[in-house]
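Summary of the model geometry
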Amino acid sequence: MEARALVAAAPLPLPQHVAVGPVLAAELDRILGGGLLRTVFQPILGFATRSYLGYEALIRGPAGSPLEYPPALFDAAARFNQTVELERACRERSLRAYAASGLTGKLFLNVSPQCLADPALLDGETLALLREIGLAPGSIVLEITENQKISDFTRVRHLLDHYRGLGYEIAIDDLGEGFSNLRLWTELHPQYVKIDRHFISGIRDNPLKFHLVRSIHGLAEACAAHIIAEGIESEAEFTLLRDLGVSYGQGYFIARPEAAPARQPAAEIARALEGQSIAVFPGMQPPRA
């Protein structure tokens, strides 16, 4: 397939503490040329199965570098027109690290719409890498991150149909945060939909967030998609989502990203899954004794 622009792209402003100019460009080149990217993995927990569905691959630059963390790293890549090269390097690093770790389950790989047409992904180079390292396409979930406005929905849909045909699964990230990801959901029919952490934070005490998430959960059931609630940071949020019937959860309460994450939920998470307490949904009164 022919590669062409899928987004109305414009470099994002770099954080104020990051120097802009030749030094930053040189640091980006050093990271890409030297293979200095690092991958950490954050588990995604199944509330019903009480086990990990899989892991999301999260990228880091070298420790102590001004490009150590993703916002600065990806903003610099956009500024210096190296987004495709960076995502390609992230993808290879994440796949190799995952295969070497011996972890099992789904691997969620972040892909921006503008990089869906990367020939390395589109024309089989990534499939060849999967064969080399012993991973099946069916274990890979392409997680579409919408940080820039999509200009060609038809093209994105055709590309994702191509990847489904190769065996990959599809997720859309940060529902409610991006420019048009509700439209992405209705047009792209992903297997997984991630709810932005904004709507999960404080949901226990916010009726509006609760009803929104409950509505999204209902929509997901209607179209055979699975909801993943991101940013779960407290037991109260965890219990409410468990009792609401959300399929999967991810966040610091469950497990932090690590280079070598655990294969099973920690004991305190197992207890929270088995707990007998019933969440009182916002706006509803608890039953009388």
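Residues numbered from 1 in each chain as written. Predicted model: local features only at pLDDT ≥ 70, side-chain atom pairs only at ≥ 80, totals over all residues. Heavy atoms only, no water.

1. Some remarks on the confidence of the model for the protein
Heads up, the rule is: Per-residue confidence from the predictor is reported as pLDDT, a score between 0 and 100. Throughout, a contact is declared for two residues whenever any of their heavy atoms are within 4.5 Å.
For the protein, per-residue confidence averages 87 on the pLDDT scale, and residues scoring 70 or more make up 86% of the total. Counting interchain partners and residues more than four positions distant, the pLDDT-below-50 stretch residues 1-12 has 38 contacts.

2. Overview of the environment of leucine 129
To keep it simple, the criterion reads: Starting at the N terminus, helices and strands are each numbered in turn, a helix being any DSSP run of H or I of at least four residues and a strand any DSSP run of E of at least two. To sort residues, take the accessible area from a 1.4 Å probe on protein chains only and compare it with the maximum for the residue type: under 20% means buried, over 50% means exposed, and anything in between is partly exposed.
Note on placement: leucine 129 falls in helix α5 (residues 125-133). Leucine 129 gets classed as buried once you look at its relative accessible area, which sits at 10%. Between the C-alpha atom of leucine 129 and that of glutamate 92, which follows or precedes it by 37 residues, the distance is 7.9 Å. Setting aside residues no more than four positions away along its own chain, leucine 129 makes contact with Glu92, Leu95 and Arg96.

3. Let's talk about the environment of glutamate 85
Along the chain, the position of glutamate 85 falls in helix α3 (residues 83-101). When the C-alpha atoms of glutamate 85 and cysteine 115 are compared, they prove to be 9.2 Å apart, with 30 residues separating the residues in sequence.

4. Some thoughts on the packing of helix α8 (residues 207-222) against helix α9 (residues 235-244)
Using the following cut-off: Axis geometry follows a simple rule: fit a line to the C-alpha atoms, using only the stretch in contact for helices, then measure angles between N-to-C directions, giving values from 0 to 180 degrees. By definition, any crossing whose near helix is turned counterclockwise from its far helix by less than a right angle is left-handed, and any crossing with a clockwise turn is right-handed. Basically, the charged four are Asp, Glu, Lys and Arg, the nonpolar ten are Ala, Val, Leu, Ile, Met, Phe, Trp, Tyr, Cys and Pro, and anything else, Gly included, counts as polar.
Their axes nearest at 11 Å, the elements α8 and α9 cross at an angle of 40°. Both α8 and α9 take part in a crossing whose hand is right-handed. Here Phe210, Val213, Arg214 and His217 of α8 lie close against α9, whose contacting residues are Leu240, Leu241 and Leu244. Residue classes in the contact of α8 with α9 are distributed as five nonpolar, one polar and one charged.

5. Some details on the pattern of salt bridges
The criterion, for reference: Salt-bridge detection follows one rule: a side-chain nitrogen of Lys or Arg within 4 Å of a carboxyl oxygen of Asp or Glu.
A full pass over the atoms with the stated rule returns 14 salt bridges. Note that arginine 38 is salt-bridged to glutamate 68, the shortest N-O span being 3.5 Å. One end of the pair, arginine 38, is in strand β1 (residues 38-46); the other, glutamate 68, is in the loop between β2 (51-60) and α2 (70-79), with 30 residues separating them in the sequence. In this structure arginine 38 comes out as partly exposed when scored by relative accessible area, which is 32%. Residues participating in the shared-partner salt-bridge network are Glu56, Glu143, Lys194 and Glu230.

6. Some remarks on the side chain of glutamate 68
The condition is simple: Pairing of N or O atoms within 3.5 Å defines a polar contact, subject to two protein rules: one partner must be a possible hydrogen donor and the other a possible acceptor, and residues neighboring in sequence count only if both atoms are side-chain atoms.
Glutamate 68 sits in the buried class, given a relative accessible area of 14%. A distance of 3.4 Å separates a polar atom in the side chain of glutamate 68 from a polar atom in the side chain of tyrosine 69. Those residues within four positions of glutamate 68 in sequence are excluded, and the remaining contacts are Arg38, Arg60, Gly61, Pro62 and Ala63.

7. Some remarks on the nonpolar core
Inclusion rule: Put simply, buried Ala, Val, Leu, Ile, Met, Phe, Trp, Tyr and Cys residues joined by side-chain atoms within 4.5 Å make one nonpolar core.
Residues Leu95, Tyr163, Trp185, Phe238 and Leu241 are the most contacted members of the largest nonpolar core, which totals 63 residues. The greatest single-element share of this core, amounting to five residues, is contributed by helix α6 (residues 153-166). In this view, tyrosine 163 contacts Leu116, Leu121, Leu122, Leu142 and Tyr168; residues no more than four positions away in its chain are not counted.

8. Details of the packing of aromatic side chains
Inclusion rule: Here a Phe, Tyr or Trp ring, Trp counted by its six-membered ring, pairs with any other such ring whose centre lies within 6.5 Å, and the pair is stacked when the planes are under 30 degrees apart, edge-to-face when over 60, and tilted otherwise.
Scanning all chains against the criterion turns up eight aromatic pairs. Ring centres 5.8 Å apart and planes at 70° place the aromatic pair tyrosine 52 and tyrosine 55 in the edge-to-face group. With respect to burial, tyrosine 52 and tyrosine 55 carry one shared label: buried. Between tyrosine 163 and tyrosine 168, the aromatic rings sit 6.0 Å apart at their centres with planes inclined by 75°, giving edge-to-face as the arrangement.

9. Digging into the sheet that holds strand β8 (residues 248-249)
Adjacent strands of a sheet pair through backbone hydrogen bonds, lying either parallel or antiparallel. Applied cut-off: At least two bridges found by DSSP between two strands is the condition for calling them paired.
Here we have eight strands rolled up into a closed barrel, ordered β1-β2-β3-β4-β5-β6-β7-β8, and mixed in their pairing. Bridge count between β1 and β2: nine bridges; the pairing is antiparallel. When the bridges of β2 are listed, phenylalanine 41 appears paired with alanine 57.

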